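Chain by chain, the residues run as shown.
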Amino acid sequence: MAGSARTPTLTALLCLGLCQGLWDQVLAGTLPKPSIWAHPGLIITKGRPVTIWCQASLRADGYYLYKERVPEPFWETSPDSSNKASFPFASMSSHSAGRYQCVYHSRNSWSQRSDFLRLVVTGVYGAPSLSANPGPVVVLGGTVSLSCSSQVIWGSLHLLKEGGADTPQHVELTSHPETYHALFPVGPVNTSHAGTYRCYASPQSYPYMWSQPSDPLHLQVTGEGALSPSPPTSWAQMTDLSHMPSGALGLMGGG
């Protein structure tokens, strides 16, 4: 048993050669790239579980999960009976957040890398605030601006709608003493815009580590033809509607 033990130094030296060689093979992969997704979603509250899934169109012998800026495989596993591989995280953390890719090998050949999967953890920092101007009740065909604000300079502010919605066309930035804002114009408003919104903040250096959510803002659409919004879905299914360009807040706060 003692003969199977390896020192950290020996393991590191072995990986310098083997892991680099493995990644070189992956970069030169010729098999079709696999699909990659996360369940229950890509935006996960700190401490909650999440599973990254990878699936090939061909029968795979093994799957490897890579994390951006980590040269060696982050995780290795075998496919299940459906030719899928799961990489479960029992508790989402700051360490788990980031960009992932997966690959597979089959009959001594390697696949191309999958598309990037961006896994976000929320609840890492204090929450910004969210408000509507002129107000949260909007006439059908009208316009409204959702303002996400904070007293801290962030790299990005993110507006999310429960259940998905049309994407705002652009983001306008304004600044006031000791307060920083991102304006998300919405309109002309239709019934799909009605629902519950929250905003989050993230630092420029850690774009996949988000704050706690703002208090919910319930946007109502009134007028002829306006219908009640569909029942809310789980927060794990929220879609990132828009985000501030990297570094924009740093420019904004100079007034």
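Scroll up to find the structure.
Predicted model only: the values in this text are computed from it and were never measured.

Moving on to the pairing of strand 3 (residues 50–55). With 5 bridges joining them, strand 1 (residues 35–39) and strand 3 adopt antiparallel strand pairing. Among the inter-strand pairings, Ile36 is bridged to a residue of strand 3, identified as Cys54. Bridge analysis of strand 3 against strand 6 (residues 84–89) gives 6 bridges, and the strand direction is antiparallel. Residue Thr51 lies in a different strand from strand 6, and its bridge partner there is Pro88.

Moving on: the environment of Val120. Among the structural elements, Val120 can be located in strand 9 (residues 117–122). Separated by 26 residues in sequence, Val120 and Ser94 place their C-alpha atoms 8.6 Å apart. Filtering out sequence-adjacent residues up to four positions away, Val120 remains in contact with Leu42, Ile43, Ile44, Met92, Tyr208 and Trp210.

Glancing now at the sheet that holds strand 1. Read across the sheet, 3 strands follow the order 1-3-6 without closing on themselves; strand pairing throughout is antiparallel. Both outer strands of the open sheet, strand 1 and strand 6, are each paired with one neighbouring strand and no more. Neighbour to neighbour, the strand axes of the sheet diverge by 20° on average, direction disregarded.

Rules of the game
Residues numbered from 1 in each chain as written. Predicted model: local features only at pLDDT ≥ 70, side-chain atom pairs only at ≥ 80, totals over all residues. Heavy atoms only, no water. Pairing = 2+ DSSP bridges. Helix = DSSP H or I, 4+ residues; strand = E, 2+ residues; numbered from the N terminus. Contact = heavy atoms within 4.5 Å. Axes fitted to C-alpha atoms, helices over the stretch in contact; angles between N-to-C directions.

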